[in-house]
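Letter by letter, the chains look like this.
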Amino acid sequence: MFVFGIGRADLSELCSISPGRPPMQVNEQKFPELFAWLSRSVRTVSMSMPGDGVSLTPLPEDVWQV
């Protein structure tokens, strides 16, 4: 599970629902770009065969610049 914080999200509180992976603070202006990238990535992976190496396009770095 991936947990994202938007705006003034309490990241320490979000850690409680995702103990194995820290939450990521997302630039709220770039939230649509994050989900567009996620959609493309899921589509690419779903069309692959088990064992295939799948190359995903990099996520734009400014998604994380808050």
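This text follows the structure it describes.
Being a predicted model, the structure only gives us computed values, none of them experimental. (Residues numbered from 1 in each chain as written. Predicted model: local features only at pLDDT ≥ 70, side-chain atom pairs only at ≥ 80, totals over all residues. Heavy atoms only, no water.)

### Considering the overall build of the chain
Regarding its fold elements, the chain presents two helices and two strands. The C-alpha atoms of the chain give a radius of gyration of 14 Å, which is well past the 11 Å a tight globule of 66 residues would have. By principal-axis analysis of the C-alpha atoms, the chain measures approximately 40 × 25 × 15 Å. A burial count over the chain gives 20% of its 66 residues as buried. Partitioning the contacts of the chain with sequence separation of at least 6, the portion at a separation of at least 24 is 31%. Of the roughly 5000 Å² of accessible surface on the chain, 59% is carried by carbon and sulfur atoms. One finds the centroid of the 5 positive side-chain charges in the chain at a distance of 5 Å from the centroid of its 7 negative side-chain charges. (Helix = DSSP H or I, 4+ residues; strand = E, 2+ residues; numbered from the N terminus. Rg over C-alpha atoms; globule rule 2.2 N^0.38 Å. Buried < 20%, exposed > 50% of the residue type's maximum accessible area, 1.4 Å probe, protein only. Contact = heavy atoms within 4.5 Å. Areas by Shrake-Rupley, 256 points an atom, 1.4 Å probe, with all protein chains shown as cover. Lys, Arg positive; Asp, Glu negative; His and termini not counted. Charge placed at Lys NZ, Arg CZ, Asp CG, Glu CD.)

### What about the pattern of salt bridges?
Counting across every chain of the model gives two salt bridges. Residue Glu33 pairs with Lys30 through a salt bridge whose shortest N-O separation is 4.0 Å. Given the relative accessible area of 32%, Glu33 is considered partly exposed. Judged by its relative accessible area of 23%, Lys30 falls in the partly exposed class. Asp62 serves as the salt-bridge partner of Lys30, at 3.2 Å between the closest nitrogen and oxygen. (Salt bridge = Lys/Arg side-chain N within 4 Å of Asp/Glu carboxyl O.)

### With respect to the environment of Arg40
Along the chain, the position of Arg40 falls in helix 2 (residues 31-46). A C-alpha to C-alpha distance of 20 Å links Arg40 and Glu28, two positions twelve residues apart in sequence.

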